[in-house]
Amino acid sequence: MKNSSEIAEKWLQGARQSADWVGVRFIREKTSSRTVRNDLPERNQSFIDEGAMVEVMADGHLGYAATADLSAEGLQRAFERALRTTRAAARHKAFAFSPAVRPKAAGHYRSPRRLPLDQASLAEITDVLTAATAAMKISGRIVNRSANAMLVSTESRFLSSNGSDVRQDFDMVLLNIMATAVDGRETQTRSSGGLNSLGNQIGAEIFNRDDFRRDGERLGREAEELLRADNCPEERTDVIIMPDQMMLQIHESIGHPLELDRILGDERNYAGWSFVKPEDFGNLRYGSALMNVTFDPGRHGQLASYAFDDSGHAATREFLIKDGLLLRGLGSLESQERAGLPGVANFRSSSWNRAPIDRMANINLEPGAFTLEEMIASVEKGVLMTSNRSWSIDDERNKFQFGCEHARLIEDGRLTKTLKNPNYRGLTVDFWNRLTAVGSADLVGTYGTAYCGKGEPNQAIRVGHASPPCLFRGVEIFGGAS
Amino acid sequence: MNRAGFMTWLKDHFQRLSDDLLSGLPAGEDVVLNLEAEDSLFLRFNANRVRQNTEVEQIVLSLRLQKDGRSTQISRTLSGRFERDRDLGLALLREAREEIRALPADPHLVPLKNHGTSNAEFPGQLPEAAALVESVAATAAGSDLAGIFASGAVVSANRNSRGQNHWFASESFSLDYSLYDGRKAAKGLHAGPRWSEVEWKSNLDRTREQLLVLRRPVVAVKPGRYRSYLAPAAVSEILFTLSWGALSASAWKQGQSPFRKFADGEKTFSPKLHLRENFGLGLAPAFNGFGEVAPTVVNLIEGGERRELLTSSRSAKEFGLSSNAAGDGEAPRSPEILPGRLEEKNALKELGTGLYLSNLHYLNWSDPASARLTGMTRYACCWVENGEIVGPIKDLRFDESLYDAFGPKLIDLTTHAEIDPDVMTYGARQLGGRRVPGMLIDDWTFTL
């Protein structure tokens, strides 16, 4: 990375003469995926992804060319390709951008961590994961026990012809731990935080053997418990949603519809449009007065924390929804120029080989004042749902249906029996206006996923979501086949 | 790299590189190398105008080392410069040797073999970026087109230390687009190895005709059960969702398959349903990441009955099954549903009164134990009465068990099946696709 940056600094001196603006973003990312299944090593894979995206502005249009040849010749070749195509495309550009969409930026960000990721040896990680799968084996009905750790170390550097120099280094760990129980025709799975939802910026300190063993034992016990559980009833009732499902609810029904590039129509052919219109900002009562949602790229240790987005825009915490009122969209400097609306620093690419687009980062529901006990006590009849297992929403982000792994029935203000196959569905704005209680700060759970898909060409990016448990009144719920 | 010579240059580069990496391995070490590469142009359109243009040249080498009953795989991007890439490849080998020492033995590891040699190349004729931009802007003038043009070479290659050597390279393009009229839209896809201006205009005209139908007044359709015709693109969405474990032997044995009851023999589908993996379609290489070559045809569902599940050699060893050279994830790579007896021109007449569904969106298993699938209607979905389209509907959510929809509710499949090439580009442009007919289904359940 150091050599490449030095080469690029010299190369930029020449390239800046031929275009209105030139930038280059270097990424070197090592991802190691370690999987243990039934106490045996299942898969050990690593990927070193290293390359550069050369970006040019010509005639008010921005275009890109990616190369893994990081020599001066390689960068020059990518620059010439990008410039040639960008000039041709500029004759039919979607928008004439001003230079303000690429501000001069300088700074450095590093993920919080106590121990560097490479201080966890492969042998230690394998041992910790094996401790989790071994602890799940509470009976012969647990037929599958798996634990996966994905370790990601990213170094990035962004240099530009107007003097930007941004270094950002990230250490992340994403975990996927699950137990599957089978008894006759019944199959149930419990996972830690739901499928692919447990991710944070953290170091090797996460690999605590006792924590993994305890989690494994709990998952095994809950998977088996679900084998004997009743189906979730079909009715309209009150629902308490725990943080590991709130994550998905926030992601699909707040994050995506507020992306300005969706509202501007860029995503119409793939991820979809949005029910939110430009005139809704400042006017739409998105949810009840208890609903406060922030874009918070500065939250300590959350998966999508950073100091600058990929345009060099400095990242700051902003309220998207305050007291239920929609205030601000998830739009980069480019989208802000196009839409004439306020936005955030969210111009992000999944790697060196993709152009940045409007993305979520950390989108969080701010805590309220209720304890979990108070929320449960306020429910005469309802259901408490945990851990996402199914998700689907329409292309305008309105009609959703989500499913969870585990639920508890609430009767007369008390948690009673366990329920299996809990699902619920609704309409986005109607649903958020049913928000009746928001849990306190000590109940906030922080989750993150590496698989937020969007964009053409497609990009899967990391996002984080933090939320306390929340109570919604009068939600349509249902179960599985009896 | 010049786009025209990418495939030829890369073939020589990979052969020289793999010669160096595979020669001189000590006894007891086996290595399999995979190469995935592309030289791609992406043009993203919104309102007929270019939102972003991106060119990507990337080459990824994966090295899998097997030794003493242990294995590990390390991959990295290559620079395209031989000396540098040889050093990078040797560094991967050193790192893999270090990792192997730290791992316990893997009883399900399958020893590497020589699975033969193959060579398939499909050169194309692709437009230059400038010409393509002008063409889309001119032909789509007056419409509101959003979408992505992708073109260039995609390469997948495999060699191992036992002597196998596979090479698959193709040049192709796809223009995956939507035409909008206000909030209503029709979907189009123009793809192939050779760009033709005439064929593109014809494709666009057909999509415009669909869009005209959507100008009729919207018909309010309440949740309920409706006889429905699913056009091939809608069926393709369902078939894609089956790649999430439904046809995987490993998922079945691990209790993760939504088709568990089918795999157990407890459930069957309609005798009209035939599903198979067909590498004869030429959409994807028949070799997998180990270089194992799948049979040209693998019958998965025949007359509604279970035949084979997709089974990797690792799953075969672990569970005592027979491998059919499935890939690591045991997802279909080139699946097709065989046609039926319904003439496409009679589809609306046979539908009578109900829903015509051009496309589906965001499918997911809502109750895996009963193979229940939920998702949304999207694009040109219409209400039909007495065989005539009345008007477009507002999008509906369905929630339906495939044991019912592809079982007793399946009335017929069309005689014509369409190829739906894979246009996904997560990480890189993908190879593969599906061939599917339309389906007429009774009492399809809509819930929201």
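Since the structure is predicted, the reported quantities are computational estimates derived from the model, not experimental observations.

Draft legend 1. Structural detail: the overall build of chain A. A tally of helices and strands in chain A yields nine helices and 24 strands. If one aligns the C-alpha atoms of chain A with their principal axes, the spans along those axes are about 70 × 55 × 35 Å. Sorting the 482 residues of chain A into buried and exposed places 62% on the buried side. In chain A, once contacts between residues fewer than 6 apart in sequence are set aside, the share between residues at least 24 apart is 76%.

Draft legend 2. Up close: the overall build of chain B. Within chain B, the secondary structure is distributed over ten helices and 20 strands. A compact globule built from 448 residues would reach a C-alpha radius of gyration of about 22 Å, and chain B, at 24 Å, matches this within 12%. If you line up chain B on its principal axes, its C-alpha atoms span 75 × 55 × 30 Å. Counting only residues that meet the buried cut, chain B has 54% of its 448 residues in that class. Sequence separation of at least 24 residues holds for 71% of the intrachain contacts in chain B that already meet a minimum separation of 6.

Draft legend 3. Quick peek at the environment of His251(A). Residue and element names in this part refer to chain A. Its location among the elements puts His251 in helix H5 (residues 243-255). Linking His251 and Met360, residues 109 residues apart in sequence, is a C-alpha distance of 8.3 Å. For His251, the residues in contact, after removing those within four places along its chain, are Met360, Val463 and His465.

Draft legend 4. Examining the sheet that holds strand E13 (residues 325-326) of chain A more closely. Residues and elements named next belong to chain A. Read from one edge of the open sheet, four strands run E13-E12-E11-E16, paired in antiparallel fashion. Single-partner strands in this sheet number two, and they are E13 and strand E16 (363-365). Taken together, the three bridges between strand E11 (residues 293-295) and E16 define a ladder with antiparallel strand orientation. Considered in E16, the bridge of Phe295 is made with Ile363. Here H5 sits on the sheet and contacts E11 and E16; the angle it forms with E16, its principal contact strand, is near 115 degrees.

Draft legend 5. Just the pairing of strand E17 (residues 381-393) of chain A, in detail. Residue and element names in this part refer to chain A. The buried count for E17 comes to twelve of 13 residues, which makes it a mostly enclosed element. Bridging between strand E10 (residues 235-241) and E17 involves four bridges; their strand directions are parallel. Bridging across to E17, Val239 finds its partner in Val383. Relative to strand E18 (residues 399-411), E17 runs antiparallel, the two being bridged by eleven bridges. Note that in E18 the partner of Lys381 across the bridge is Glu411.

Draft legend 6. Here's a closer look at the domain arrangement of chain A. Each assigned domain of chain A is listed here: domain 1 (2-228) and domain 2 (231-478). For the side of domain 1 of chain A that touches domain 2 of chain A, the per-class residue count stands at 21 nonpolar, 16 polar and eight charged.

Draft legend 7. Region of interest: helix H4 (residues 209-227) of chain A. All names here are of chain A. With 19 residues, H4 should cover 27 Å at 1.5 Å per step; its first-to-last C-alpha distance of 28 Å lies within 8% of that length. Among the residues of H4, Phe212, Asp215, Gly216, Leu219, Gly220, Glu222, Ala223, Glu224 and Leu226 are the ones counted as buried. For H4, the elements touching its buried residues are helix H3 (122-136), strand E5 (142-160), strand E6 (165-183), strand E7 (186-191), E18 and strand E19 (414-420).

Draft legend 8. Geometry of the packing of helix H2 (residues 72-90) of chain A against helix H3 (residues 129-139) of chain B. In contact at an axis separation of 9 Å, H2(A) and H3(B) are set at 20 degrees when each is read in the N-to-C sense. As judged from the angle between their axes, H2(A) and H3(B) are roughly parallel. Regarding H2(A) and H3(B), the two cross each other, and that crossing is right-handed. Residues Thr85(A), Ala88(A) and Ala89(A) of H2(A) touch H3(B), and the partners they reach there are Ala129(B), Ala130(B) and Val133(B). Split by residue class, the contact of H2(A) with H3(B) holds five nonpolar, one polar and no charged.

Draft legend 9. Structural detail: the pairing of strand E2 (residues 49-67) of chain B. With 16 of 19 residues buried, E2(B) lies mostly within the body of the structure. Pairing geometry for strand E3 (residues 61-67) of chain A and E2(B), over four bridges, is parallel. For Ala66(A), the partnering residue across the bridge sits in E2(B) and is Val56(B). Both strand E1 (residues 29-46) of chain B and E2(B) contribute to a ladder of 18 bridges, which runs antiparallel. Paired with Ser40(B) across the bridge in E2(B) is Val56(B). In this structure, the hairpin formed by E1(B) and E2(B) is closed by a connection of two residues, where Ala47(B) is found at a positive phi of approximately 55 degrees. Sheet topology note: the E2(B)/strand E3 (residues 70-77) of chain B ladder contains eight bridges and is antiparallel. Within E3(B), the position partnered with Lys67(B) by the bridge is Arg70(B). The hairpin formed by E2(B) and E3(B) contains two residues between the paired strands, and Asp68(B) there has a positive phi angle of roughly 55 degrees.

Draft legend 10. Examining H5(A) more closely. Here H5(A) contains 13 residues, and its C-alpha end-to-end distance of 16 Å is more than 12% below the 18 Å for a straight helix at 1.5 Å per residue. H5(A) sits mainly inside the fold: 13 of its 13 residues count as buried.

Draft legend 11. How the structure looks around the domain arrangement of chain B. Residues and elements named next belong to chain B. What the domain assignment reports for chain B is domain 1 (3-209) and domain 2 (224-446). Its C-alpha centre places domain 1 at a distance of 26 Å from the equivalent point of domain 2. Each partner contributes residues to the interface: domain 1 has 27 residues there, and domain 2 has 23 residues. Breaking the side of domain 1 that touches domain 2 down by element, the ones donating at least two residues are E1, strand E4 (117-122), strand E5 (144-160), strand E6 (165-181) and strand E7 (184-192).

Scoring rules and cut-offs
- Along each chain, numbering runs from 1 in the same order as the chain's sequence is written.
- Note on labels: chains are lettered from A, ligands numbered from 1, in written order.
- The predicted nature of this model means local features are confined to residues of pLDDT at least 70 and side-chain atom pairs, given and counted, to a pLDDT of 80 or more, with totals for whole chains, interfaces and linings taken over all residues.
- To qualify as a helix, a DSSP run of H or I must reach at least 4 residues; to qualify as a strand, a run of E must reach at least 2; elements of each kind are numbered from the N terminus.
- Three exposure classes are used, all based on how many other C-beta atoms lie within 10 Å of a residue's own C-beta (placed from the backbone): buried at 20 or more, exposed at 12 or fewer, and partly exposed between those limits.
- A pair of residues counts as a contact when their C-beta atoms, built from backbone coordinates, are within 7 Å of each other.
- Radius of gyration means the value over C-alpha atoms here, while the globule rule gives 2.2 Å times the residue count to the 0.38 power.
- Paired strands, as defined in this entry, are two strands with at least two bridges between them according to DSSP.
- Helix axes are fitted only over the stretch in contact, all axes being lines through C-alpha atoms; the angle between N-to-C directions runs from 0 to 180 degrees.
- Either an automatic procedure or a domain database provided the assignment from which the domain bounds are taken.
- Three categories are distinguished: nonpolar for Ala, Val, Leu, Ile, Met, Phe, Trp, Tyr, Cys and Pro, charged for Asp, Glu, Lys and Arg, and polar for the others, with Gly belonging to the last.
- A helix's residues, less one, multiplied by 1.5 Å, set its expected span.
- The scheme is simple: roughly parallel for angles under 35 degrees, roughly antiparallel for over 145, roughly perpendicular for 65 to 115, oblique for anything else.
- By convention, the crossing between two helices is left-handed when the near helix turns anticlockwise from the far helix through less than a right angle, and right-handed when the turn is clockwise.

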